[in-house]
Amino acid sequence: MAENNCELNQDDIIINDQDGLPNVHPNLLAEATVDSPDRTTDDEFEDLPTSLIVTNIHDDVFINPDRKTELEELFRMYDSEVTFQWLRSFKRLRVNFQTPLAAASARIQLHQYPIKESVITCYFAQPVTPVKNSSLQPPAPFKQFLISPPSSPPLDWEPRPEGSLPEVPPLKEVPYISFHYDTNEESNLTNICRQFGDVIHISPVQITSLLERPGAILVEWAISENEDHFVDVQDYHLQWAFGTVNNLESNFHTCYIGPNLQYLVKDLNLNQNYSFRVRCKYEGDTQWSPWSLPQVCQTTIKSFSWVETDNFTLTNDNKIALSLLNTTSFVCSRRIEFNVGYSIEFTFLECDVNLNDNYVGLTSESTLKGSITNSSSVCVEANGSIFGSGVKKITRFPPVIKGSKICFSCVYRDDNKLRINIDCNENRVTYDWTVDHRNIYIVAQFNSPNWKIMID
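J.: What's the story with the overall build of the protein chain in this structure? I'm lost.
T.: A count of helical and extended segments in the protein chain gives four helices and 25 strands. Taken across its 456 residues, the protein chain has 40% of its residues classed as buried. Look at the contacts in the protein chain between residues 6 or more apart in sequence, and 64% of them connect residues 24 or more apart. Total accessible area on the protein chain stands at roughly 26,300 Å², and carbon and sulfur atoms take up 48% of it.

J.: Looking at this structure, I do not really get the sheet that holds strand 23 (residues 427–434). What am I missing?
T.: Strand pairing within a sheet occurs via backbone hydrogen bonds; the two strands may be parallel or antiparallel. Across the sheet, seven strands lie side by side as 13-14-25-16-21-22-23; this open sheet has antiparallel pairing. Of all the strands in the sheet, just strand 13 (312–315) and strand 23 have a single pairing partner and so form its edges. For this sheet, the mean angle separating the axes of adjacent strands, direction not counted, is 20°. With four bridges joining them, strand 13 and strand 14 (residues 320–323) adopt antiparallel strand pairing. Along strand 14, the bridge assignment pairs Leu314 with Ala321.

J.: Explain the pairing of strand 18 (residues 377–381) to me, please; I cannot follow it from the model alone.
T.: Most of strand 18 sits inside the fold, with five of its five residues counted as buried. Of the two faces of strand 18, the one carrying Ser377, Cys379 and Glu381 and the one carrying Val378 and Val380 are both buried. By the bridge criterion, five bridges tie strand 17 (residues 359–363) to strand 18 in an arrangement that is antiparallel. Bridge pairing in strand 18 places Tyr359 opposite Glu381. Note: strand 18 against strand 19 (residues 385–388), three bridges, orientation antiparallel. The residue of strand 19 that forms the bridge with Cys379 is Phe387. Counted between consecutive antiparallel strands, the loop separating strand 18 from strand 19 contains three residues, among which Gly384 sits at a positive phi close to 105°.

J.: Sorry, what's going on with the sheet that holds strand 10 (residues 262–265) here?
T.: On the basis of which strands lie adjacent, the open sheet formed by three strands has the order 6-7-10 and antiparallel pairing. Because the sheet does not close on itself, it has two edges, and the strands there are strand 6 (205–213) and strand 10. Each strand of the sheet is rotated relative to its neighbour by a mean of 20°, with strand direction disregarded. Taken together, the four bridges between strand 7 (residues 216–223) and strand 10 define a ladder with antiparallel strand orientation. In the strand pairing of strand 10, Val219 is matched with Tyr263.

J.: Help me understand the packing of aromatic side chains in this model?
T.: Aromatic ring pairs: the centre-centre distance and the angle between the two ring planes describe each pair. A complete count under the given rule lists 14 aromatic pairs for this structure. Where Phe348 meets Trp451, the ring centres are 6.1 Å apart and the plane angle is 70°; that geometry is what we call edge-to-face. In this pair, Phe348 sits in strand 16 (residues 343–350) while Trp451 sits in the loop between strand 24 (441–446) and strand 25 (452–455), placing the two residues 103 residues apart along the sequence. Each of the two residues, Phe348 as well as Trp451, counts as buried. Here a set of aromatic residues connected by ring pairs shows up, and it is made of Trp221, Tyr236, Tyr256 and Tyr263.

J.: Any chance you could explain the nonpolar core here in plain terms?
T.: Nonpolar side chains in soluble globular proteins tend to be buried together. With 39 residues, the main nonpolar core has Trp306, Phe338, Phe346, Ile406, Phe408, Ile422 and Ile442 as its most contacted residues. Ranked by residues supplied to this core, first place goes to strand 22 (residues 417–424) with four residues. Setting aside chain neighbours within four positions, we find Phe346 in contact with Trp306, Val360, Gly361, Ser404, Lys405, Ile406, Phe408, Ile442, Val443, Ile453, Met454 and Ile455. In this structure, Val54, Tyr78, Val82 and Tyr113 belong to the second largest nonpolar core, which totals 25 residues.

J.: Please explain unusual backbone geometry as it appears in this structure.
T.: Leaving glycine out, the prevailing phi sign among residues is negative, and the prevailing peptide bond configuration is trans. Phi at Lys91 takes a positive value of approximately 55°, unusual for a residue other than glycine. Locating Lys91 in the fold gives a position in the loop between strand 2 (83–87) and strand 3 (92–96). You will see that Asn318, though not glycine, has its phi angle at about 65°, which is positive. By secondary structure assignment, the location of Asn318 is in the loop between strand 13 and strand 14.

J.: Just to check I follow, could you spell out helix 3 (residues 100–110) for this structure?
T.: Three or four residues apart is the spacing at which side chains of an α-helix point the same way, because the helix has 3.6 residues per turn. The element helix 3 is extensively covered by neighbouring structure, given that nine of its eleven residues are classed as buried. Along helix 3, the positions that sit buried rather than exposed are Pro100, Ala102, Ala103, Ala104, Ser105, Ala106, Arg107, Ile108 and Leu110. Turning to helix 3, the residues buried within the fold contact strand 1 (51–55), helix 2 (65–76), strand 4 (113–115) and strand 5 (118–124).

J.: How should I be thinking about the side chain of Ser448 in this particular structure?
T.: One can find Ser448 in the loop between strand 24 and strand 25. Take Ser448: its relative accessible area is 5%, and that puts it in the buried class. At 3.4 Å, the side chain of Ser448 and the side chain of Trp451 are in polar contact. Leave out the neighbours within four places in its chain, and Ser448 touches Ser323, Leu325, Asn326 and Asp352.

Thresholds, definitions, all that
Residues numbered from 1 in each chain as written. Predicted model: local features only at pLDDT ≥ 70, side-chain atom pairs only at ≥ 80, totals over all residues. Heavy atoms only, no water. Helix = DSSP H or I, 4+ residues; strand = E, 2+ residues; numbered from the N terminus. Buried < 20%, exposed > 50% of the residue type's maximum accessible area, 1.4 Å probe, protein only. Contact = heavy atoms within 4.5 Å. Areas by Shrake-Rupley, 256 points an atom, 1.4 Å probe, with all protein chains shown as cover. Pairing = 2+ DSSP bridges. Axes fitted to C-alpha atoms, helices over the stretch in contact; angles between N-to-C directions. Phe/Tyr/Trp six-rings, centres within 6.5 Å; stacked < 30°, edge-to-face > 60°. Core = buried A, V, L, I, M, F, W, Y, C linked by side-chain atoms within 4.5 Å. Polar contact = N/O pair within 3.5 Å; in protein donor to acceptor, adjacent residues only side chain to side chain.

Right under this line is the structure:
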């Protein structure tokens, strides 16, 4: 357990290799040339902030009162009157102390402190100009090549081909200056800065990852760690454009507006570059934030589709199948790999009155006989019944109607097992399926020509 000890020695100070800065606030660093070793008055802490921002908190802490109390008790060791502001949307906690000394002690002792499944990090709530270390320090050698004119490029540096889009560094790695000013002076400050270069407003939200999916790209984004905005985001706005875009005036198209932090952009061409950007709007605001920096990705995974058969008419790049027979018939996909994060959505475009013995699902058999409700399949009957490995489950979905959707998604995989979530009309069933994820087929079984199904 961390102890309430504000004394510092050389073993307490760790220099970050990435930015050359210590883990301790500059006002706390011992300076033998200025202060005597036995000086420990509170005056040297008067310029420190009284609040900390705690990050890297596990998601369970925000929904579990006992876990919250356990974390809060760590900080109460330094100040019994401490108050807390839980910022769930930002996955942060703001801790407000009565004195700067208590805040500094907690910062020193609880930074990089392991608690359950995570290691929390503690930062002062706002930057403070050091009083004693007032001189500007040189950047770490790691970044000195950015100085103009550069001294020498880093190892393995290569010139960028002309016309290509430069790699976009994370915002926390971009040098910046932060200060407070009267908002009425923003126009004057902007005009002054434009005399020396371009002024670009940085978006508080940035794209964090672009993941390939079959015929699609999963785009994920997050609020920047440098953004201390204590109002929840109301909506995010995601757009895409063809090709590699290096400006914000290109022909972008809106694909999502909503509160989620990810979106699956579907129906994309194979091996085609797409550029994505995102912005946000806070609660109570009428204006959107600036756009994020464009990020580029492409998918090399072919989208799901049905295989040609005499018993069905296929359209829309073989994604839509129309049954032709009055007897039981099957339509299957090519063999697919079903990995974590993949999903398959069935949409019923036409339905028969008789729902019995009509199924959609997944199977490990390339050739089906009789029914897909066998030991090698996971499927849902049109009347709502659910079958896993040949066993009918007690749980049922509502019967399907025209427009109903059933989604199979993979949330876990080991050597011989998949954990499948099956969703229908806001209902969910989870099933552990023993199967080889590299040997799966999408399948549908119908017994009349009144069925029309689409997969996506």
